[in-house]
Every structure is written in structure tokens, then in C-alpha cells.
Amino acid sequence: DVIFLSESFTRPNRMKALAKLGFNQSYTYFTWKNTSWEIKDYFTELTRSDMIEYFRPNCFVNTPDILHEYLQKGGRPAFRIRLLLAAALAPVYGIYSGYELCENVPVREGSEEYLNSEKYEIRVRDWSAPGNIKQDIARLNRIRRENPALHELANLEFLPSEYEGILAYRRFAPGNELCVIVNLDPNAMHETTVELPLEKLGIGEQEPYEMADLLTGARYTWRGRKNYV
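Description of the structure in this document. Everything numeric in this text was worked out from a predicted model, so none of it was measured.

With that out of the way, let us pick up the overall build of the chain. Secondary structure summary: the chain contains 5 helices and 10 strands in total. Expected size for 229 residues packed as a compact globule is a radius of gyration near 17 Å; at 19 Å, the chain falls within 12% of this value. Structurally, the chain occupies a C-alpha span of about 60 × 45 × 35 Å along its principal axes. Here the chain holds 229 residues, and 45% of them are scored as buried.

All right, on to a nonpolar patch on the surface then. Together, Val105, Val107 and Leu115 make up a nonpolar patch on the protein surface, roughly 230 Å² of accessible area in all. Mapped onto the secondary structure, Leu115 falls in the loop between strand 3 (93-94) and helix 4 (134-146). Looking at Leu115, the relative accessible area reads 43%, which means it is partly exposed.

On to the packing of helix 3 (residues 69-89) against helix 4. Put simply, helix 3 and helix 4 touch, their axes get as near as 11 Å, and they point 15° apart. Classed by the angle they form, the pair helix 3 and helix 4 counts as roughly parallel. Crossing hand, helix 3 versus helix 4: right-handed. In this structure, helix 3 uses Arg76, Arg80, Leu83, Leu84 and Ala87 to contact helix 4, whose residues at the interface are Asp136, Ile137, Leu140 and Arg144. Its residues assigned to classes, the contact of helix 3 with helix 4 comprises 5 nonpolar, no polar and 4 charged.

It is worth spelling out the side chain of Asn155 at this point. Within the fold, Asn155 resides in the loop between helix 4 and strand 4 (156-158). Given a relative accessible area of 6%, Asn155 falls into the buried group. In terms of polar contacts, Asn155 uses its side chain to reach the backbone carbonyl oxygen of Phe172, at 2.6 Å. If near-sequence neighbours (up to four positions away) are discounted, Asn155 is found in contact with Ala149, Arg170, Arg171 and Phe172.

Inspection of the sheet shows strand 8 (residues 208-212) paired to strand 9 (residues 219-223) by 5 bridges, in the antiparallel sense. Within strand 9, the position partnered with Met211 by the bridge is Tyr220.

Ordered in space as 4-5-6, the 3 strands form an open sheet in which the pairing is antiparallel. Sheet topology places strand 4 and strand 6 (176-183) at the edges, where each strand pairs with a single neighbour. Direction aside, neighbouring strands of the sheet carry axes that sit 25° apart on average. Pairing of strand 4 with strand 5 (residues 166-173), which is carried by 3 bridges, proceeds in the antiparallel orientation. By the bridge assignment, Leu156 is partnered in strand 5 with Arg171. Running at roughly 150° to strand 4, helix 2 (residues 36-48) makes contact with strand 4 and strand 5 of the sheet. Contacts from helix 3 reach strand 4, strand 5 and strand 6 within the one sheet, and its direction differs from that of strand 5 by about 30°.

Glancing now at the sheet that holds strand 1 (residues 26-27). Spatially, the 3 strands line up as an open sheet ordered 1-2-3, and their pairing is parallel. Single-partner strands in this sheet number two, and they are strand 1 and strand 3.

Reading the values: the criteria
Residues numbered from 1 in each chain as written. Predicted model: local features only at pLDDT ≥ 70, side-chain atom pairs only at ≥ 80, totals over all residues. Heavy atoms only, no water. Helix = DSSP H or I, 4+ residues; strand = E, 2+ residues; numbered from the N terminus. Rg over C-alpha atoms; globule rule 2.2 N^0.38 Å. Buried < 20%, exposed > 50% of the residue type's maximum accessible area, 1.4 Å probe, protein only. Patch = residues over 30% accessible without salt bridge, like charges linked within 9 Å, V, L, I, M, F, W, Y side chains within 5 Å. Areas by Shrake-Rupley, 256 points an atom, 1.4 Å probe, with all protein chains shown as cover. Salt bridge = Lys/Arg side-chain N within 4 Å of Asp/Glu carboxyl O. Axes fitted to C-alpha atoms, helices over the stretch in contact; angles between N-to-C directions. Parallel < 35°, antiparallel > 145°, perpendicular 65-115°, else oblique. Left-handed = near helix turned anticlockwise from the far one by under 90°. Contact = heavy atoms within 4.5 Å. Nonpolar A, V, L, I, M, F, W, Y, C, P; charged D, E, K, R; others polar. Polar contact = N/O pair within 3.5 Å; in protein donor to acceptor, adjacent residues only side chain to side chain. Pairing = 2+ DSSP bridges.

Quick look at the structure:
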């Protein structure tokens, strides 16, 4: 089973027109959306405007010729952050070879071009090299398979976060409620208070409920709308 992708990256109106003509997937501007407000604004457009009727986004974290500054300077944590966002914001995401090894050297300062680009040479990689994020990818793909909420596009609801640098959002399906919380700063740990819509979850204001961390296996008991992360 093979899927062939033909890439034509272009301006928003042309990209929308191609989607309306019948392309099953569309490349996105996800790569350049790295702050909380940029992500909220862009994915609100993808899921709350008329684009939901014809546009099926594929969130690539990198491509053969796009290495964003965020990955160049954020190191391994930046690769893990962007992986989680892509895997948990849209039903379809993609990574290009080398992302698993956190390859992040540009051809020069200010360029989004890879120094060692496969556009010009055949690369032979050691996929078990130190610092790889293969386990993160495998764990997230398993979580995606096991949770129907991550199979849809329109079921995205951003949640209030006291600290703007921590993005929180809800993905939901019948019998499957997910709360995704992501620190967007690859250089430091941060804390925040996240607010959940208890009325949509069928939970009382003072009723305790359990949150299971799907990445670590830890479990936490929360109470009320606002809780500390």
C-alpha cells in the first residue's frame, strides 16, 4: 500500500482553489505557526470557517526544503513540541526523513534550507543515533490510533490558559475526551492554570475527576474548572 503525494505549495487563495478542485489533502502553513495566538488563529480558520467543507490539512512538521528557525534554535525539545502539536491538532500529519534524529543545521544563518539536503545527495542515516525521538513518535501514533477524538478535524476547542505560552485545547468524540496541554517554549519549563468546560464534560463544579497522562501514565485528581499544570 503506497500513497503518492504531489506537492504544490502556493499562496492561500490558490491553495484553497486546489482543495476545492478535488485534492484529497492540502499542505498547510502549520510550519510557520509557532506561537499560541498564531496556532489558535490558523486552526480556528481551518476548523470554524467554510474551509472545513473542502480543505483537508496535512500538518507537516518539516519538508525537504523547510527547516524553520524554531527547530534550528530550539533543539530536541522543539522537535518534540512540534511533533505533539502536529499529531494532536489534525487527523493527518507528516514528518520528513531526519526529523526523527532532530536534524536542524541550516545551510546558513537566516535560511530555512537544510545544510545536508536530500535534494542534492542520498543520505544514509543511523536511525538509532543518540538523541532520536523514535519513542515519542511511536507513542503518539499509538495514542492517535487508540483515540477516536484524534481522527476528526472539526472537534477542536481551545481552552483558556493563564500563561499564553502554554497552549491548551480539547479534542472530543463520543466516549473519548482529550485535553492537550503543550508548553511552546523549548528552552524552559513553565506553569499555568487551565480551565475546562465542565458542563460539556458532564462533571459537577465540586466533583473530583481523574486526568490520565497518556504520555507518562501518571494520573491526577482534579476538582473544579481551573487546575494547575
